[in-house]
Amino acid sequence: MTIQFKTGLMALALLGSTALGAMTAQAANQEISWIYCGDKIDPIHEKYIKEWEGKNAGWSVKPEVVGWEQCQDKATTLAAAGTPVAMAYVGSRTLKEFAENDLIVPVPMSDDEKKSYYPGIVSTVTFDDTQWGVPIAFSTKALYWNKALFKQAGLDPEKPPQTWAEEIAFAKAIKEKTGIPGYGLPAKTFDNTMHQFMHWVYTNNGTIIDDKGNIKADSPEVLAALQAYKDITPYSVEGATAYEQNEIRAIFLDGKVGMIQAGSGAAYRLKDTKLEWGVAPLPLGPSAKGQGTLLITDSLAIFKGSGVEEKATEFAKFITSAGPQGEYELQGGAGLTPLRPSAQVDEFVKKEPFWKPFIDGIAYGGPEPLFKDYKGFQNSMIEMVQSVVTGKAEPADALKKAATDIEAFK
């Protein structure tokens, strides 16, 4: 038997699949072939692969390193050709598309498994009340601010904005008193433009699609987020449509922007600079019920027709269980938000206090919206954001158009 484990970002070209050929080919041995995404295999994964092999006589795991850009495409191509891999690392946003094309199998979680995660994590892999993947990587965002620019603008460098109104006012003060952009708003034609907007949606108790598949984008909460985008644009980086979030982060690291929202990776980079900086929970909108953020996960999906679905599921749950996963994600500099609360996480936060806002935002966070045509949804949201920040459309009109457009992608 062969389990092939595949990781990466997906460009879907979903066709039909036939399982017989794959099942026949995989019946000859007991090797688990893991197509591993990245530049090298993480030593912690190597360690736990050996542990799993020791507990599963006759099975071996042989990872093959594949670059991020090719990994998910390869899994999709093999599935379309009728020779599916058994397990794939995918962006959880793609699970609905895989499932609706009958390419993956459910991976149900017990109540105890669900309870082990932070609130909202399981929702990132769930639709139709069923789980379709096992989370393996997780990220959240927080607000970074440049304390030196706050001082120059007459702001208290130890008091970051707590509300959108303060955030916009502080950005305005920085821009007007220092000539430097007060906020870094990314609006490039790139996936994280949609992600960045969703952080604003979830810090105002909004949603795009509910758990029943109903579009809820055209709501006061989401409209307020888009209006805030319009209001902060004059004080943000000029030409926002030229920047994605990593480019905005680079500007912040260079001391050329007052505030950004970014992941924990920025903190590790900032440690090596002379910049005076702080990190805090994302500011809240007027309808917020608590700290929020977009909950982004990558997952292990189990492909249908490999003939080894049960064993692949077993391995996926083992490699992402509390022990192995906790050790993997809490490596210094890894930049992964923990999936589960634990004493180990508490100790980690004590040693690295900047992590607290990334965890505090989870309680009222929300998942990446799951659509059958995720690319179509994403492009509609990017178009909406760009039309507002460039002044081509008013927020209400842009939102109504986007809400209508994304109906076709659910």
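Because the structure is predicted, anything quoted here is derived from the model rather than measured.

1. With respect to the packing of helix H7 (residues 164–178) against helix H9 (residues 220–232)
Link 1 in the chain: Direction vectors running N to C along H7 and H9 enclose 15°, while the axes themselves pass 10 Å from each other. In terms of orientation, H7 lies roughly parallel with respect to H9. Every pair of crossing elements has a handedness; the one defined by H7 and H9 is right-handed. Only Ala224, Ala225, Ala228, Asp231 and Ile232 of H9 make contact with H7, whose side of the interface consists of Trp164, Glu167, Ile168 and Ala171.
Link 2 in the chain: Tallied by class, the residues present in the contact of H7 with H9 amount to seven nonpolar, no polar and two charged.

2. Thoughts on the sheet that holds strand E10 (residues 277–280)
Link 1 in the chain: Strand order in the open sheet formed by three strands is E9-E8-E10, with antiparallel pairing between adjacent strands. In the strand order of this sheet, the two ends are held by strand E9 (259–262) and E10, each with one partner. Within the sheet, the average angular offset between the axes of one strand and its neighbour, ignoring direction, is 25°.
Link 2 in the chain: With four bridges joining them, strand E8 (residues 142–146) and E9 adopt antiparallel strand pairing. Directly across from tyrosine 144, in E9, lies its bridge partner isoleucine 260.

3. Observations concerning helix H14 (residues 343–351)
In an α-helix, one full turn covers 3.6 residues, which means residues spaced three or four apart are oriented alike.
Link 1 in the chain: Within H14 the residues assigned to the buried category are Val345, Phe348 and Val349. Angularly, the buried residues of H14 cover 95° about the axis, an arc narrow enough to put them on a single face. Residues of H14 that are exposed and angled more than 90 degrees away from the buried face: Ala343, Lys350 and Lys351.
Link 2 in the chain: Looking at the packing, one finds that the buried side of H14 touches helix H11 (265–270) and helix H15 (356–360).

4. Here's the deal with unusual backbone geometry
Link 1 in the chain: Not every positive phi belongs to a glycine, and aspartate 102 is a case in point at roughly 60°.
Link 2 in the chain: For aspartate 102, the position within the fold is in the loop between helix H4 (95–100) and helix H5 (111–116).
Link 3 in the chain: At aspartate 128, a position not held by glycine, the phi torsion is positive, near 55°.
Link 4 in the chain: Mapped onto the secondary structure, aspartate 128 falls in the loop between strand E5 (126–127) and strand E6 (130–131).

5. Some words on the domain arrangement of the protein
Link 1 in the chain: In terms of domains, the protein is made up of domain 1 (31–140 + 296–367) and domain 2 (142–292 + 371–408).
Link 2 in the chain: Listed per partner, the contact involves 22 residues of domain 1 and 22 residues of domain 2.
Link 3 in the chain: For the domain 1 and domain 2 pair, buried surface summed over both sides reaches about 2000 Å², with 62% attributable to carbon and sulfur atoms.
Link 4 in the chain: A per-residue breakdown of the area domain 1 buries against domain 2 is headed by Arg93, Phe354 and Tyr364, which together make up 30% of the total.
Link 5 in the chain: The shortest N-O distance in the salt bridge between glutamate 352 and lysine 271 comes to 2.9 Å.
Link 6 in the chain: Remark: the boundary between domain 1 and domain 2 carries five residue pairs in polar contact (both at pLDDT 80 or more).
Link 7 in the chain: A class-by-class count of the residues in the side of domain 1 that touches domain 2 yields nine nonpolar, seven polar and six charged.

6. Some details on the side chain of threonine 124
Link 1 in the chain: Along the chain, threonine 124 falls in the loop between H5 and E5.
Link 2 in the chain: Within the structure, threonine 124 has its side chain in polar contact with the backbone oxygen of isoleucine 121 (distance 2.6 Å).
Link 3 in the chain: In this structure, threonine 124 is in contact with Ser92, Leu95, Leu295, Thr297, Pro367 and Leu370, ignoring residues within four places of it in sequence.

7. Focus: the environment of valine 308
Link 1 in the chain: One can find valine 308 in the loop between strand E11 (294–302) and helix H12 (309–319).
Link 2 in the chain: The class of valine 308 is buried, set by a relative accessible area of 4%.
Link 3 in the chain: As a C-alpha pair, valine 308 and isoleucine 296 span 12 residues in sequence and 28 Å in three-dimensional space.

8. Considering the pairing of strand E4 (residues 87–91)
Remember that side chains alternate between the two faces of the sheet whenever the strand is regular.
Link 1 in the chain: A large share of E4 lies buried, amounting to five of its five residues.
Link 2 in the chain: The side-chain alternation of E4 yields two buried faces, one formed by Met87, Tyr89 and Gly91 and the other by Ala88 and Val90.

9. Here we look at the pattern of salt bridges
Side chains that carry opposite charge are capable of pairing whenever their charged atoms lie near each other.
Link 1 in the chain: This structure, assessed with the given rule, holds 18 salt bridges.
Link 2 in the chain: Here glutamate 276 ties to lysine 151 by a salt bridge, and the two come within 3.1 Å at their closest N and O atoms. Here glutamate 276, found in the loop between H11 and E10, pairs with lysine 151, found in helix H6 (residues 147–152); they are 125 residues apart in sequence, far enough to count as distant.
Link 3 in the chain: Residues joined in a network through salt bridges with shared partners are Glu383, Lys401 and Asp405.

The rules behind each value
The numbers attached to residues start from 1 for each chain and follow its sequence in the written order. The predicted nature of this model means local features are confined to residues of pLDDT at least 70 and side-chain atom pairs, given and counted, to a pLDDT of 80 or more, with totals for whole chains, interfaces and linings taken over all residues. The basis for every side-chain value is the complete set of non-hydrogen atoms in the structure, without hydrogens or water. Where helices are involved, their axes are fitted lines through C-alpha atoms of the stretch in contact, as for all axes, and angles between N-to-C directions lie from 0 to 180°. For the purposes of this entry, the term helix denotes a DSSP run of H or I that reaches at least four residues, the term strand denotes a run of E that reaches at least two, and both are numbered from the N terminus. We call two directions roughly parallel when the angle between them is under 35 degrees, roughly antiparallel when it is over 145, roughly perpendicular when it lies between 65 and 115, and oblique otherwise. Left-handed describes a crossing in which the near helix is turned anticlockwise from the far one by less than a right angle; the clockwise case is right-handed. Note on definitions: a residue-residue contact is assigned when non-hydrogen atoms from the two residues lie within 4.5 Å. Polar here means any residue outside two lists: the nonpolar Ala, Val, Leu, Ile, Met, Phe, Trp, Tyr, Cys and Pro, and the charged Asp, Glu, Lys and Arg; Gly therefore counts as polar. Strand pairing requires that DSSP identify at least two bridges connecting the strands. When a residue's accessible area, from a 1.4 Å probe over protein chains only, is under 20% of the maximum for its type it is buried; when over 50% it is exposed; and in between it is partly exposed. Working definition: the arc comes from the directions between the helix axis and the C-beta atoms, pointing outward to the latter. What counts as a domain boundary in this text is fixed by an automatic or database domain assignment. The buried area of a pairing is the accessible area, by a 1.4 Å probe, that goes missing from both parts when the two are put together, added over both. We count a salt bridge whenever a side-chain nitrogen from Lys or Arg sits within 4 Å of a carboxyl oxygen from Asp or Glu. Any N or O atom pair separated by 3.5 Å or less is treated as a polar contact, with the protein-specific requirement of one donor-capable and one acceptor-capable atom, and with residues adjacent in sequence counted only for side-chain atom pairs.

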